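What the coordinates show
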Amino acid sequence: MGATRPASEKIQLLFSRVRIIPPFSIPTRDASPPLVLAFFATKPVSFLMPILKPYPPGLPPPHSIKHYTVVIILSSAYLAPIQYYAHLYAADHALVDLGEHYVKQTYRNRCYIATPSGAQPLTLPVVRDGVGRTPMGKVRLSDHGDWRHLHWNALASAYEGSPYFEYYADDFRPLYEHPFEYLADFNAALHNVVLSLLSLTPSIEVSRDYVAEVPAGAADLRNLVSPKVPVEHDAQFRVQPYYQVFKERTGFLPNLSIVDLLFNMGPESRMVLKQSLI
């Protein structure tokens, strides 16, 4: 057998093979906009299946973006914050690290939404297996507390009065009705819906081995995009205000979950992401 490649060489080799596969349209039977199929990885990944959705009125078809980041390394995240997707907007390639250890009280199983009383966390319960530090790809969701019903009701209650909730709700609701076993699979399914609605098409790879060495030129965002790290520490991101339903009552709430942006701004969400980049 040949010598084992070091982790950094494996990642460099991985991204040397990555390419962007342009989306293409599928005509619909009626007068509705065409469905757009986008592939987000260069090799099959079971939970990164594309999700089809007609473009909402006013959303332009996918187009080339002037990228400033070649490779970004991300954690799996539950309805990740705007900061996370602003970096994806600018990225050519992204690597999601499922080999890293699960860390509680982070975006890996927590998101923040807007309510009349301020930002509210939604936390996914996970199974405590007693093994110790568990890789993200092996963390199981718990069925304790009927969280699927509670989380969806929280989203509906918070955003039913927003301009685009009614339009996008059917994309997200089925995922809260499906019994996902693993946290990373649930996160990825939601993530794929978000990418589709935002018409973002970075080439995405998933690593089930921990990425210990960051390749030259790659941006490691695994610890930077965190509720424990102020967004001001991110030199490439700035908070860009936008319309929020409860803004007059709570003031603008920065860097909430991407669904806050989508439900409030719809097709204009891409513009906010672009303006959030420095």
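Heads up: these notes are all about the structure in this document.

A short note on the overall build of the protein chain
Helix and strand counts for the protein chain stand at eight helices and eight strands. Out of the 278 residues in the protein chain, the part that is buried amounts to 51%. Taking the contacts inside the protein chain whose residues are at least 6 apart along the sequence as the reference set, 70% of them involve residues at least 24 apart.

Structural notes on the pattern of salt bridges
Any two side chains of opposite charge can pair, on the condition that their charged atoms come close. Inspection of every chain in the model, using the stated rule, returns six salt bridges. A salt bridge links glutamate 100 to arginine 108, with the shortest nitrogen-to-oxygen separation between them at 3.1 Å. Residue classification places glutamate 100 among the buried residues on the basis of a relative accessible area of 6%. The class of arginine 108 is buried, set by a relative accessible area of 6%. The closest approach of N and O atoms between arginine 173 and aspartate 170, which form a salt bridge, is 2.6 Å. In this pair, arginine 173 and aspartate 170 are both assigned in helix α4 (residues 165-177), three residues apart and thus about one turn of the helix distant. Note on arginine 173: relative accessible area 29%, which makes it partly exposed. Among the charged side chains, a network of salt bridges with common partners joins Asp97, Asp220 and Arg222.

Some details on the nonpolar core
Counting 72 residues, the largest nonpolar core has Tyr85, Phe172, Phe186, Ile258 and Leu273 as the members making the most contacts within it. With 10 residues, helix α5 (residues 183-198) is the largest single contributor of residues to this core. Excluding residues within four positions of it along the chain, phenylalanine 186 makes contact with Tyr78, Leu124, Leu141, Trp147, Leu175, Tyr176 and Phe180.

What to know about the packing of helix α3 (residues 147-159) against α4
Each pair of packed helices can be summarised by the angle the axes make with each other and by the distance between the axes. Remark: α3 packs on α4, axes separated minimally by 11 Å, with the N-to-C direction vectors making an angle of 175°. Taken together, the axes of α3 and α4 are roughly antiparallel relative to one another. Seen from α3, the contacting residues are Trp147, Arg148, His151, Trp152, Leu155, Ala156 and Tyr159; seen from α4, they are Phe165, Ala169, Phe172, Arg173 and Tyr176. For the contact of α3 with α4, a count of residues per class yields nine nonpolar, one polar and two charged.

Points about the packing of aromatic side chains
Tallying each qualifying case throughout the model produces 14 aromatic pairs. A connected cluster of aromatic rings, assembled from ring pairs, spans Tyr78, Trp147, Trp152, Tyr159, Phe165, Phe172, Tyr176, Phe180, Phe186 and Phe263.

Structural notes on unusual backbone geometry
Phi angles above zero are rare outside glycine, and glutamine 105 is one such case at about 60°. With respect to the helices and strands, the residue glutamine 105 is situated in the loop between β4 (91-97) and β5 (110-115). Unlike most non-glycine residues, aspartate 146 shows phi in positive territory, near 55°. Aspartate 146 gets classed as partly exposed once you look at its relative accessible area, which sits at 46%.

Side note on the environment of leucine 74
With respect to the element layout, leucine 74 can be found in strand β3 (residues 69-75). Separated by 149 residues in sequence, leucine 74 and asparagine 223 place their C-alpha atoms 8.6 Å apart.

Side note on helix α7 (residues 258-265)
Here α7 lies mainly inside the structure; eight of its eight residues are buried. When we look at burial in α7, the residues that qualify are Ile258, Val259, Asp260, Leu261, Leu262, Phe263, Asn264 and Met265. Summarising the contacts, the buried residues of α7 are in contact with α2 (82-90), β5, α3, α4, α5 and α8 (269-275). Positive backbone phi, at 55°, marks glycine 266, one or two positions downstream of α7.

Here's the deal with α4
Its 13 residues give α4 an end-to-end C-alpha distance of 18 Å, which sits within 8% of 18 Å, the value for a rise of 1.5 Å per residue. Its axis deflected by about 35° at aspartate 171, α4 carries its strongest bend there, up to four residues before the proline proline 174. Of all the residues in α4, the buried ones are Phe165, Tyr168, Ala169, Asp171, Phe172, Leu175 and Tyr176. Here the buried face of α4 lies against α3, α5 and α7.

What counts, and at which threshold
- Residues numbered from 1 in each chain as written.
- Predicted model: local features only at pLDDT ≥ 70, side-chain atom pairs only at ≥ 80, totals over all residues.
- Heavy atoms only, no water.
- Helix = DSSP H or I, 4+ residues; strand = E, 2+ residues; numbered from the N terminus.
- Buried < 20%, exposed > 50% of the residue type's maximum accessible area, 1.4 Å probe, protein only.
- Contact = heavy atoms within 4.5 Å.
- Salt bridge = Lys/Arg side-chain N within 4 Å of Asp/Glu carboxyl O.
- Core = buried A, V, L, I, M, F, W, Y, C linked by side-chain atoms within 4.5 Å.
- Axes fitted to C-alpha atoms, helices over the stretch in contact; angles between N-to-C directions.
- Parallel < 35°, antiparallel > 145°, perpendicular 65-115°, else oblique.
- Nonpolar A, V, L, I, M, F, W, Y, C, P; charged D, E, K, R; others polar.
- Phe/Tyr/Trp six-rings, centres within 6.5 Å; stacked < 30°, edge-to-face > 60°.
- Expected span 1.5 Å × (residues − 1).
- Bend = angle between axes of the 7 residues up to and from the residue.

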